[in-house]
Every structure is written in C-alpha cells, then in structure tokens.
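Residue-level structure breakdown
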Amino acid sequence: MSGCSKRCKLGFVKFAQTIFKLITGTLSKDKIEDELEMTMVCHRPEGLEQLEAQTNFTKRELQVLYRGFKNECPSGMVNEETFKQIYAQFFPHGDASTYAHYLFHAFDTTQTGSVKFEDFVTALSILLRGTVHEKLRWTFNLYDINKDGYINKEEMMDIVKAIYDMMGKYTYPVLKEDTPRQHVDVFFQKMDKNKDGIVTLDEFLESCQEDDNIMRSLQLFQNVM
C-alpha cells in the first residue's frame, strides 16, 4: 500500500468517526466549532449552498464532513478497496468485504468505481435524517443489485447473508447456516404480493410500512451503515 493510500485509509477512519458522532447526536454545536478550528487547511466544496438545500445537514455540518473527507482523501474520491478496509476495522469479528462491496456500489450512483463527496453526503443525509419513505427507497436500491428495478430472492439473499457474515459469530452465537435463507424466505413471501418471483418498489414500500417485523428487520441495515 502506498503512503498516500495508507494515509487516506487511516484518515478516512477518522472521518467515519465524525459520521458516527452525527449518527449518535454527540457532535454538538460546540464540537462542530472545535472540529472546524482543528482543520488547518480551508476547503470549500463547490455548490455548498446547493448541498445544504438538497440534504438535511446544516452548513456547519457539511463543512466538517467535507474537510474531513478532503483533507484525508485529497483526490476527493474514495475507491472500493478503501471502503472495504474501513468496514473491516469496524467489524473485526466478521467478514465485511461483501457487504462493503454492495454498499459501495449503492453509494456509487454513477458507477464510476469511486464515490465523490457529493454522492456520499447525499446518501448519508437520507440514511441518517431522511423520511421513512426516502430510507426505504434507498434500501430498495441497495437490494436491487443488478439495478433492473426489481428485487429477486437471490439478490435479497446475497445482501442478507453479507450482513450476517459481517456481524460475525460473536453477534450471532447460535446462528445456523440456513438462518439467512429462512429469513429471506419469510420476508420475500410477504413482499412478493402477486407471487411473480420479483419484488417491485411499490411492493417493497407497501410491505415494509404495513409489517412491523419487516421494518424492524430493516433497521439492522441502518445500524451497520
């Protein structure tokens, strides 16, 4: 690993910790000011006002996020390998590589092989502060691996298994090998209302919002984002 890549990896972990503070609500107004003061290089993303209008972050929060992103990854982009390395550190007892792969491609909306700050923060805004409908639409896109507008059972199985693999044996001490498959069978049957073997966005939204068990299960995704 080159010095630049290593610095980007280590620095982006610090950036991920700032995101965690946003998730938990521990990044207070005073703390935001401290984060800004600690940043020696002044960075300003193009279209900051536009991002503020398009996301649920304040101008100050966007500045903190952008400076952390840009200072540690000067190219302004994160590739999939770095993304996987970050998740491996946060989930040391499991294999996070497959889930990180799927998540990265959900963030990489233009399918360029890299995630820009604008794409990252837009998705982050939805996942942390979006409406239930917005979060569910984004989650549907994650499960729709081949981006054909539908979710089939194998796609759902791939994502669910990746989440179980990432959480590891310490999180699921009595996990049986066929647990992911059983989990998917139950929920896919509920979602596929017309029994045509695929789940549309409308079916997904309706099923999730009418079934508390499905909604609670999907919270797992948000917890491991």
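Above: the structure in question.
All of the points below concern the structure found in this document. Source: prediction; values computed, not measured.

Moving on, we get to the packing of helix α6 (residues 97-107) against helix α8 (residues 132-143). Contact geometry for α6 and α8: axes closest at 9 Å, N-to-C directions at 120 degrees. Taken as axis vectors, α6 and α8 run oblique relative to one another. The two elements α6 and α8 meet at a crossing, and its hand is right-handed. Between α6, through Tyr99, Tyr102, Leu103, Ala106 and Phe107, and α8, the contact on the second element is made entirely by Trp138, Asn141 and Leu142. Here the contact of α6 with α8 is composed, by residue class, of seven nonpolar, one polar and no charged.

By size, the foremost hydrophobic cluster in this structure holds 53 residues, and its most contacted members are Phe83, Tyr87, Phe107, Leu142, Tyr143 and Phe204. Top element by residues in this core is helix α9 (residues 153-167). It accounts for nine residues. If you count residues domain by domain, this core takes at least three from each of domain 1 (3-25 + 55-129) and domain 2 (132-224).

Here is what the cut-offs are and how they apply
Residue numbers restart at each chain and count upward from 1, following the sequence in its written direction. Only residues with pLDDT of 70 or above have their local features reported here, since the model is predicted, and side-chain atom pairs are shown and tallied only from 80 upward, although totals for entire chains, interfaces and linings are computed over all residues. Only hydrogens and water are set aside; all other atoms, that is, all heavy atoms of the structure, feed into the side-chain values. The axes used here are C-alpha line fits, helices contributing only the stretch in contact, and every angle between their N-to-C directions lies in the interval 0 to 180 degrees. Helix numbering and strand numbering both begin at the N terminus, where a helix is a DSSP run of H or I of at least 4 residues and a strand a DSSP run of E of at least 2. Roughly parallel here means an angle under 35 degrees, roughly antiparallel means over 145, roughly perpendicular means 65 to 115, and every remaining angle is called oblique. In this scheme, a crossing is called left-handed if the near helix is turned counterclockwise away from the far one by less than a right angle; it is called right-handed if the turn is clockwise. The contact criterion used is simple: two residues touch if any of their non-hydrogen atoms lie within 4.5 Å. Think of it as three bins: nonpolar holds Ala, Val, Leu, Ile, Met, Phe, Trp, Tyr, Cys and Pro, charged holds Asp, Glu, Lys and Arg, and polar takes everything else, Gly as well. For the purposes of this section, nonpolar cores are sets of buried Ala, Val, Leu, Ile, Met, Phe, Trp, Tyr and Cys residues that join through side-chain atoms within 4.5 Å. Partly exposed residues are those whose accessible area sits between 20% and 50% of the maximum for their type, while under 20% is buried and over 50% is exposed, using a 1.4 Å probe and protein chains only. Throughout, the edges of the domains are those of an automatic or database domain assignment.

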